[in-house]
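Okay, here's what each chain looks like letter by letter:
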Amino acid sequence: MGSLLTYSGLTTKVRAMKSRLLTESQYRELAEFDTVSGAVDYLKKFPAYKPFLSGKDGTSLHRGKIEELLLQSKYDDFSKIYRFSGLSQRKFLDLYFMHYEIAKLKRCLRGVIANRPLEIDFSLFQEFFDRHSSLNLLKLSSSEDLNKFISNLEGSPYYDIMARLNRQENTSLFDYESNLDMLYFKTMWKAKNSGLKKREQDSLAKCFGNRLDMLNIQWIYRCIQYYHMTSSEIYALLIPVQNRIKPEQLYALANAEHTDEFFHILQHTYYGNLNPVKDGSFLDPETLARQVLNRIHKLTEQRDPYSIATVNSYLYFKELEIEHIIHIIESIRYGLEPAQILSAVMKIT
């Protein structure tokens, strides 16, 4: 009864927001447009996007502008959930917000390292970040070089790790980004039990545990396939938390000499049972990760609807929806056929 009373109002709010997420048939309709302006006009029909797209001419919107408008919808949803939340839920959301911070840090970092202006106007998000974050997005996005960027992080949880990496030789963008990801997931894993009931802790452990496993699997695959790194270099990058995958299996994956051996080892793990062989080939790790994470977020919400699992699930699927919309619109811009778009972006045939 305690959970029902604590979460009844919040769950009702989140369910109403969830009902407005795009359906598969609506994704199909979106992919049918042959112009970006047509796709943008279509999105104006939806309450989640209308306030941010209304009055905007799709013919003049570049990718960065569309992305910043859609991100406003995501942050607006977060704010609504935050307002309906109690103290324990807000503690979780404050930690979850770190995910948004790191996404923005990565975006700024890529611009600084590449010495090119950002496509996104960060001033649009500053008010939202002021309520939840100590980061000054305007200062970070206008940093003239990497040293200044890191200096502008002073006082934040990210300063020490970024400064340490900057003092090392030959630090790459991949090093900065992977260390930021590792910081986030280590922080969430340690704090996932804070102020939450046992069932909620178990739900979050399943979601974040599977996500940690899949990130490690994806990183190992990329390191073998694209970077040809040694096993010791790969192992140093991994998040030191295992959920459904055993430490010895992770070690064996990191020691695989090529991708065929990688998939052979993966097939004998928990996740191998979720990666069926079709025509002699396996799902690529990114597709497998998406399927695993979609499944676990749905299951945890269904099993414990009056809990933080409902909030965590909604935020995950909202973010996924925006990723899909951005990729679909870009695919339309480049002239892909609807069937190609749905197959590549949505894995819909």
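Look up a bit, the structure's there.
Before going into details, it helps to say that this report is about the structure given with it. The model shown is predicted, which means the values in this text are computed figures rather than measured ones.

## A word on the overall build of the protein chain
- The helix and strand inventory of the protein chain stands at 18 helices and zero strands.
- Relative to the compact-globule value of 20 Å for 349 residues, the protein chain shows a C-alpha radius of gyration of 21 Å, a close match.
- Across the protein chain, contacts joining residues at least 24 apart in sequence account for 64% of those joining residues at least 6 apart.
- For the protein chain, the exposed surface amounts to about 17000 Å²; the carbon and sulfur share of it is 49%.
- When the 45 positive and 42 negative side-chain charges of the protein chain are each reduced to one mean point, those points stand 7 Å apart.

## Side note on the packing of helix 2 (residues 24-31) against helix 17 (residues 308-333)
- Between helix 2 and helix 17, whose axes approach to 10 Å, the crossing angle comes to 25°. Here helix 2 is positioned roughly parallel relative to helix 17, judged by the angle of their axes. The two elements helix 2 and helix 17 cross, and the hand of that crossing is right-handed. Together, Y27, L30 and A31 of helix 2 and E321, H324, I325, I328 and I332 of helix 17 make up the contact between the two elements.
- Broken down by class, the residue content of the contact of helix 2 with helix 17 amounts to six nonpolar, one polar and one charged.

## Remarks on a positive patch on the surface
- On the surface, a cluster of positive charge is made up of R164, R167, K186 and K190.
- Only helix 10 (159-167) and helix 11 (173-191) provide two or more residues apiece to the positive patch.
- Locating K186 in the fold gives a position in helix 11.
- Under the relative-accessibility criterion, K186 is labelled partly exposed at 32%.

## Quick word on the pattern of salt bridges
- This structure, assessed with the given rule, holds 17 salt bridges.
- With a shortest N-O distance of 3.5 Å, R199 and D304 are connected by a salt bridge. Of the two residues, R199 sits in helix 12 (residues 198-227) while D304 sits in the loop between helix 16 (285-303) and helix 17, which places them 105 residues apart along the sequence.
- The exposure class assigned to D304 is buried, which follows from its relative accessible area of 11%.

## Considerations on the nonpolar core
- F149 and M162 are the most contacted members of the largest nonpolar core, which totals 61 residues.
- A total of 11 residues in this core trace back to one element, the largest contributor, which is helix 6 (residues 87-114).
- In contact with M162, other than residues within four places in its own chain, are L109, F149, I150, L153, Y176 and L180.
- If you look at the next biggest cluster of nonpolar residues, it comprises 27 residues, including V40, I325, I328 and V345.

## Overview of the packing of helix 12 against helix 14 (residues 247-254)
- Where helix 12 contacts helix 14, the two axes come as close as 9 Å, and the packing angle between them is 20°. Taken together, the axis directions place helix 12 and helix 14 in an arrangement best described as roughly parallel. Pair helix 12 / helix 14 crosses with right-handed handedness. Residue-level inspection shows N216, I217, I220 and I224 of helix 12 in contact with helix 14, the latter providing L250, L253 and A254.
- Looking at the contact of helix 12 with helix 14 residue by residue, the classes come out as six nonpolar, one polar and no charged.

## Describing the packing of aromatic side chains
- Applying the stated criterion across every chain yields a total of 26 aromatic pairs.
- Between the aromatic rings of F92 and Y96, the centroid separation amounts to 5.9 Å while the plane-to-plane angle is 50°, which identifies the pairing as tilted. Placement of the pair is F92 and Y96 together in helix 6, with a separation of four residues, close to one helical turn.
- Note on F92: relative accessible area 4%, which makes it buried.
- Taking the relative accessible area as the measure of exposure, Y96 reaches 3% and is therefore buried.
- In textbook terms, an aromatic cluster arises when at least three aromatic residues are bridged by ring pairs, as seen for Y75, F78, Y82, F92, Y96, F97, Y100, F122, F125, F128 and F129.
- Seen from the ring of Y306, R15 lies directly overhead, with NZ or CZ sitting 5.3 Å from the centre.
- Above the face of the F122 ring, K104 is positioned so that its terminal group lies 5.9 Å from the ring centre.

## Digging into unusual backbone geometry
- Positive phi is not limited to glycine here, since N115 has a value of about 55°.
- Looking at the secondary structure, you find N115 in the loop between helix 6 and helix 7 (123-132).
- Take N115: its relative accessible area is 66%, and that puts it in the exposed class.
- Unusually for a residue other than glycine, H228 sits at a positive phi of about 50°.
- Along the chain, the position of H228 falls in the loop between helix 12 and helix 13 (231-237).
- The class for H228 is exposed, based on a relative accessible area of 63%.

## Some points on the side chain of S73
- With respect to the helices, strands and loops of the structure, S73 is situated in helix 5 (residues 63-84).
- The exposure class assigned to S73 is buried, which follows from its relative accessible area of 1%.
- Of the polar contacts made by the side chain of S73, one reaches the backbone oxygen of A48; its length is 2.8 Å.
- The residues touching S73, leaving out its near neighbours within four places in the chain, are A48, Y49, F52 and K318.

About the thresholds
The written sequence of each chain sets the order in which its residues are numbered from 1. Given that this is a predicted model, residues contribute local features only at a pLDDT of at least 70 and side-chain atom pairs are listed and counted only at 80 or more, while totals for whole chains, interfaces and linings are drawn from all residues. Derived side-chain values reflect all non-hydrogen atoms in the structure, with water molecules and hydrogen atoms excluded from consideration. Helical segments are the DSSP runs of H or I of at least four residues, strand segments are the runs of E of at least two, and each set is numbered from the N terminus. A radius of gyration in this sense is built from C-alpha atoms; the matching globule rule multiplies 2.2 Å by the number of residues raised to 0.38. Two residues qualify as a contact provided that any one of their heavy atoms is within 4.5 Å of a heavy atom in the partner residue. Only the protein chains shown count as covering a residue, and every accessible area follows the Shrake-Rupley method with a 1.4 Å probe. Counted charges follow a simple rule, with Lys and Arg positive, Asp and Glu negative, and His plus the chain ends left uncounted. Charged groups are reduced to one reference atom each: NZ for lysine, CZ for arginine, CG for aspartic acid, CD for glutamic acid. Fitting a line to C-alpha atoms yields each axis, with helices limited to the stretch in contact; the angle taken between N-to-C directions then spans 0 to 180 degrees. Roughly parallel means an angle under 35 degrees; roughly antiparallel, over 145; roughly perpendicular, 65 to 115; everything else is oblique. In this scheme the crossing of two helices becomes right-handed for a clockwise turn of the near helix relative to the far one and left-handed for an anticlockwise turn of less than a right angle. Put simply, Ala, Val, Leu, Ile, Met, Phe, Trp, Tyr, Cys and Pro go in the nonpolar bin, Asp, Glu, Lys and Arg in the charged bin, and everything else, Gly too, in the polar bin. A patch consists of residues whose relative accessible area exceeds 30% and which take part in no salt bridge; residues with like charges are grouped when within 9 Å of each other, and nonpolar side chains (Val, Leu, Ile, Met, Phe, Trp, Tyr) when within 5 Å. Within this document, salt bridges are pairs made up of a side-chain nitrogen of Lys or Arg and a carboxyl oxygen of Asp or Glu, the two lying within 4 Å of each other. Remark: exposure states derive from per-residue accessible area (1.4 Å probe, protein chains only) relative to the maximum for the residue type, with buried under 20%, exposed over 50%, and partly exposed in between. Residue types Ala, Val, Leu, Ile, Met, Phe, Trp, Tyr and Cys, when buried and joined through side-chain atoms within 4.5 Å, form a set referred to as a nonpolar core. Pairing of aromatic side chains requires ring centres within 6.5 Å, counting the rings of Phe and Tyr and the six-membered ring of Trp. Pairs whose planes differ by under 30 degrees are stacked, by over 60 edge-to-face, and all others tilted. Only lysine NZ and arginine CZ atoms are considered, and such an atom sits over a ring when it is within 6 Å of the ring centre and within 35 degrees of the ring normal. Here a polar contact means two N or O atoms within 3.5 Å. Within protein one must be a hydrogen donor candidate and the other an acceptor candidate, and residues neighboring in sequence count only if both atoms are side-chain atoms.

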